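Close look at the chain arrangement
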Amino acid sequence: MDIAVSYHDSLTKLQALDWPAEGPFDRLDWFALLDKPLIAMAEGGGDRVALALHETDDGLASLTNWFSFTWRPLGRELRLLTAIASDLRQRTHRVTLSPLPEEDGSASQVEDAFRDAGWLVLREPCDENHVLPVSGRSYADYWAARPGKMRTTLKRKAKKVEVEILTHFDEASWQDYQAIYTESWKPEEERADILETFARAEGKAGRIRLGIARADGVPVAAQFWTVEGSTAYIHKLAHTEAAKPLSAGTTLSAALFEHVIDTDGVELVDFGTGSDAYKRDWMEVNRPRYRLTCLDWRKPRAWPALAKAMVRRLAPHNRPS
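First, a word on what this report is: a plain description of the structure on this page.

Overview of the sheet that holds strand β2 (residues 38–44)
The 12 strands are arranged β1-β2-β3-β4-β5-β12-β6-β11-β10-β9-β8-β7 in an open sheet whose pairing can be described as mixed. The outermost strands of the open sheet, each flanked by one partner alone, are β1 (4–8) and β7 (162–166). Averaged over all pairs of adjacent strands, the angle between their axes in this sheet comes to 25 degrees, without regard to strand direction. Direction of pairing for β1 relative to β2: antiparallel, over a ladder of 5 bridges. In the strand pairing of β2, Ala4 is matched with Glu43. Relative to strand β3 (residues 47–56), helix α2 (residues 78–88) is tilted by about 35 degrees, and along the sheet it contacts β1, β2, β3, β4 (59–62) and β5 (94–101). The strands that helix α10 (residues 303–314) touches are β5, β6 (120–133) and β12 (285–295); relative to β6, the one it contacts most, it runs at about 70 degrees.

A closer look at the pairing of strand β11 (residues 268–273)
Of all 6 residues that make up β11, 5 are buried, and the element is covered over most of its length. Bridge analysis of β6 against β11 gives 4 bridges, and the strand direction is antiparallel. For Pro133, the partnering residue across the bridge sits in β11 and is Leu268. Running through helix α8 (residues 248–263), the crossover from strand β10 (residues 231–239) to the neighbouring parallel element β11 is right-handed.

Some points on the packing of helix α6 (residues 171–182) against helix α7 (residues 192–204)
One can describe the packing of α6 onto α7 by two numbers: an axis separation of 12 Å at closest approach and a directional angle of 145 degrees. Between α6 and α7 lies a crossing of right-handed hand. Note on element contacts: α7 touches α6 through Leu195, Glu196, Ala199 and Arg200, opposite Glu171, Trp174, Tyr177 and Gln178. Considered class by class, the residues forming the contact of α6 with α7 number 4 nonpolar, 1 polar and 3 charged.

Some points on the layout of surface pockets
Put simply, the largest pocket is a space of about 530 Å³. If you go around the largest pocket, you meet 26 residues; those closest to its centre are Trp66, Phe67, His235, Lys236 and Thr273. Contributions of two or more residues to the lining of the largest pocket are made by β5, β6, β10 and β11. The element best represented in the lining of the largest pocket is β10, accounting for 4 residues. Residues belonging to the lining of the largest pocket are distributed by class as follows: 11 nonpolar, 7 polar and 8 charged. Looking at the second largest pocket, its volume works out to about 450 Å³. Along its surface, the second largest pocket is lined by 18 residues, and Gly249, Thr250, Tyr278, Asp281 and Trp282 are the ones closest to its centre. Going through the elements one at a time, α5 (148–157), β9 (218–228), β10, α8 and α9 (279–282) are the ones with two or more residues in the lining of the second largest pocket. The element that contributes the greatest number of residues to the lining of the second largest pocket is α5, accounting for 4 residues. Among the residues making up the lining of the second largest pocket, the classes are represented as 9 nonpolar, 6 polar and 3 charged.

So, the side chain of Thr231
Secondary-structure assignment places Thr231 in strand β10. Those residues in contact with Thr231 that lie beyond four places of it in its chain are Thr226, Val266, Leu268 and Asp270.

Scoring rules and cut-offs
Residues numbered from 1 in each chain as written. Predicted model: local features only at pLDDT ≥ 70, side-chain atom pairs only at ≥ 80, totals over all residues. Heavy atoms only, no water. Pairing = 2+ DSSP bridges. Helix = DSSP H or I, 4+ residues; strand = E, 2+ residues; numbered from the N terminus. Axes fitted to C-alpha atoms, helices over the stretch in contact; angles between N-to-C directions. Contact = heavy atoms within 4.5 Å. Buried < 20%, exposed > 50% of the residue type's maximum accessible area, 1.4 Å probe, protein only. Right-handed = clockwise from strand over helix to strand, strands pointing away. Left-handed = near helix turned anticlockwise from the far one by under 90°. Nonpolar A, V, L, I, M, F, W, Y, C, P; charged D, E, K, R; others polar. 1 Å grid on protein atoms, 1.4 Å probe; cavity = no way out; pocket = protein on both sides within 12 Å on 5 of 7 lines; lining within 4 Å. Points joined across faces, edges and corners; volume = space filled by probe spheres on them.

Right, here's the structure in full:
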């Protein structure tokens, strides 16, 4: 079977194609928001696979930004993925891919494809992903299993704020979110325009769940979620420092959990990446995310990275004291 590999720095024509999308970060319209995409695509036998990449100072890397929960190939045909990996050796000495999930086999599949294509592949954990399998529970069942401190906090503080949950994009509410974020403990958003464009598109598609908590009519906490298929994704959350004693964030989170579990009927809640301790109170499963560093050992530019990798592997894990 003939396989054709091509490269595209514009997604305009590709967006008309029927690509699989397992989540918000698998869609071409998401990648179109990011800077300088390079889409490597293989086609053959009526199937197609693509890797969303971009150029770096040291080779190619997965096309992501701080907002991405995950990255994986678009399409699952191993022979086409291997064809892309083989062709990439003509373009670069290094391909760095992350954050890859393994619960769907993506990390192993990509690793196998690049190894079969002649790359030396280094695999390492790079992040973690906290999720909640709902497992048929109601919100009341889920909440009854939360830590006692959380349940007590909500019981004491819930009446101190009013909560609103929107299922469409609303200009005034988004301005409230931005104002709350500015006054929160969070660092300044990098490329906040990407987040807003994404939120508008999710609102138009009916997937947005935007929560605002107010105390005496003043917005004090905000959260941006989306619901897609049977999964709810928690993208951003913030509360003002002045409102911290109100525990408005806990009240708003509880309201959104109740909405996506009892109203939307989701089967999974995904809290994105990060090792924040508070996520363990809300979530029940921690899934690893992986980085694959693929090096073409035949190219001199790959040798410094190869040498560093060998040193790390040869170094003893436990040095004598």
